[in-house]
Amino acid sequence: MNIKQNLETIKASLPGNVTLIAVSKTKPVIQIREAYDAGQRDFGENKAQEMTKKWEEMPKDIHWHMIGHLQRNKVKYIAPYVHLIHAVDSLKLLKEINKQAQKNNRIINCLLQVYIAKEETKFGFDPEEITQLLESEEFKNLKHIRIKGLMGMATFTENKSQIESEFHFIKSFFDQLKNKYGMTELSTGMSGDYTLALQYGSTMVRIGSAIFGERNY
Ligand SMILES: *Cc1c(COP(=O)(O)O)cnc(C)c1O
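Treat the numbers as computed from the prediction; the structure is a model and nothing was measured.

Engineer: Can you walk me through the overall build of the protein in this structure?
Structural biologist: The helix and strand tally for the protein stands at 10 helices and eight strands. Expected size for 217 residues packed as a compact globule is a radius of gyration near 17 Å; at 17 Å, the protein falls within 12% of this value. Taken along its principal axes, the extent of the C-alpha atoms in the protein is 50 × 45 × 30 Å. The buried share of the protein, taken over its 217 residues, is 51%. In the protein, the share of contacts with a sequence separation of at least 24, taken over all contacts with a separation of at least 6, comes to 58%. Charge-centre separation for the protein: the mean point of 30 positive side chains lies 5 Å from the mean point of 26 negative side chains.

The structure is reproduced here in structure tokens:
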């Protein structure tokens, strides 16, 4: 695995407005350092404690993205430094993020996760729930969060047209919301499906194994 070369190859295939998030979950800091030295500054993790440990050890100009399902009792660990929380899937979680952001005297950027996959294991809101949330008074009172856009995870399948229809679905929904709510980010696409995600308007791709190699867990 040549991390630098992988990064360069992937970057060359991305439009200029797309953010590449190097998903470093389970990978040691020595490998994150290698990506950092190659110029990479956006990293994604899915566990709060693991991300915090890496944040402590790594240079402070890194943007840390929480990409995984986040439990409310873990928000406090990442609130001082997290750059963007991708997978917000409940109002309760948003309220906790708002509370911890306030404690840290900052505004935390979030994405709302849309449930697009045909898999029970995946999290997220239905589109109607998101519209309701964005219009609710409770939401409007949360002054320490900013909703930057939407996040989605397609079904883990070889069926390309299935994945395509899921990306199309979230892209159409994003287009309905973006002007009204000032959204700019659509976080879709992983190692296996990011070229397809780009065709459907992805602005942030979350790529792990194609940069760092397979994870053994
Ligand atoms: C692990 C993970 C990724 C990266 O997956 P790869 O297939 O290794 O690119 C992207 N998004 C989320 C939410 C993840 O948990």
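Text resumes after the structure shown.
Engineer: Could you clarify how one ought to interpret the site of the ligand in this entry?
Structural biologist: The local shell around the ligand consists of V23, K25, I67, M151, M153, M190, S191, R206, I207, G208, S209 and R215. At 2.8 Å, a backbone N or O of S209 approaches an oxygen atom of the ligand. When grouped by side-chain class, the residues that make up the shell around the ligand number six nonpolar, three polar and three charged.

Engineer: What am I meant to see in the packing of aromatic side chains here?
Structural biologist: The way to describe two aromatic rings as a pair is by their centre distance and the angle between their planes. Within this structure, the stated rule accounts for two aromatic pairs. The interplanar angle of 35° and the centroid separation of 5.9 Å between the aromatic rings of F43 and W64 together place this pair among those described as tilted. Of this pair, F43 sits in strand β2 (residues 42–45) while W64 is found in strand β3 (residues 63–66), placing the two residues 21 residues apart along the sequence. In this pair, the class of F43 matches that of W64, namely buried. Positioned above the aromatic ring of Y36, the side-chain terminus of R41 is 3.6 Å from the ring centre. The ring of Y77 is capped by K76, whose NZ or CZ atom sits 5.1 Å from the centre of that ring.

Engineer: Would you explain unusual backbone geometry in this entry?
Structural biologist: Where the residue is not glycine, phi is negative for most of them; where a peptide bond is considered, it is trans in most cases. A positive phi angle is found at T26, which is not glycine, with a value near 70°. By the element assignment, T26 lies in the loop between β1 (19–23) and α2 (29–37). With a phi angle near 60°, N105 is a residue other than glycine that sits in the positive phi range. Structurally, N105 is set in the loop between α5 (91–103) and β5 (108–114). Exposure remark for N105: the relative accessible area of 69% places this residue in the exposed category.

Engineer: Just checking my understanding: could you explain helix α1 (residues 3–12) for this structure?
Structural biologist: Structurally, the α-helix is built with 3.6 residues per turn, so residues lying three or four positions apart point the same way. Those residues of α1 that fall on the buried side of the exposure criterion are I3, N6, L7 and I10. Seen end-on, α1 carries its buried residues on one side only, within an arc spanning 100°. Residues of α1 that are exposed and angled more than 90 degrees away from the buried face: T9 and A12. Lining the buried residues of α1 we find β1, α2, α9 (194–199), β8 (204–207) and α10 (209–212). The N-capping residue of α1, defined by a side-chain oxygen 3.2 Å from the backbone nitrogen of K4, is N2.

Engineer: What am I meant to see in the pattern of salt bridges here?
Structural biologist: Where charged atoms of side chains with opposite charge meet at close range, the side chains can pair. Evaluation of the coordinates by the stated rule reveals 11 salt bridges. Residues K54 and E50 are paired through a salt bridge, measuring 2.8 Å at the closest nitrogen-oxygen approach. Of the two residues, K54 and E50 both sit in helix α3 (residues 48–57), four residues apart, roughly one turn of that helix. Residue D175 is joined to K178 by a salt bridge in which the shortest nitrogen-to-oxygen separation is 3.1 Å. With D175 and K178 both in helix α8 (residues 160–181) and three residues apart, the pair spans about one turn of that helix. Its relative accessible area of 32% is what places D175 among the partly exposed residues. It is possible to trace a salt-bridge network through shared partners that takes in E45, E50 and K54.

Engineer: So what exactly am I meant to see when it comes to the nonpolar core here?
Structural biologist: One recurring pattern in soluble globular proteins is that nonpolar side chains are buried together. With 55 residues, the main nonpolar core has I85, L94, L112 and L150 as its most contacted residues. Not counting chain neighbours up to four residues away, the residues in contact with L112 comprise H86, V88, L94, F125, I130, L133, L134, I147, G149, L150 and M151.

The rules behind these values
- Residues numbered from 1 in each chain as written.
- Predicted model: local features only at pLDDT ≥ 70, side-chain atom pairs only at ≥ 80, totals over all residues.
- Heavy atoms only, no water.
- Helix = DSSP H or I, 4+ residues; strand = E, 2+ residues; numbered from the N terminus.
- Rg over C-alpha atoms; globule rule 2.2 N^0.38 Å.
- Buried < 20%, exposed > 50% of the residue type's maximum accessible area, 1.4 Å probe, protein only.
- Contact = heavy atoms within 4.5 Å.
- Lys, Arg positive; Asp, Glu negative; His and termini not counted.
- Charge placed at Lys NZ, Arg CZ, Asp CG, Glu CD.
- Near = heavy atom within 4 Å.
- Polar contact = N/O pair within 3.5 Å; in protein donor to acceptor, adjacent residues only side chain to side chain.
- Nonpolar A, V, L, I, M, F, W, Y, C, P; charged D, E, K, R; others polar.
- Phe/Tyr/Trp six-rings, centres within 6.5 Å; stacked < 30°, edge-to-face > 60°.
- Lys NZ or Arg CZ within 6 Å of the ring centre and 35° of its normal.
- Arc of directions from axis to C-beta.
- Salt bridge = Lys/Arg side-chain N within 4 Å of Asp/Glu carboxyl O.
- Core = buried A, V, L, I, M, F, W, Y, C linked by side-chain atoms within 4.5 Å.

Geometry only, nothing functional implied.
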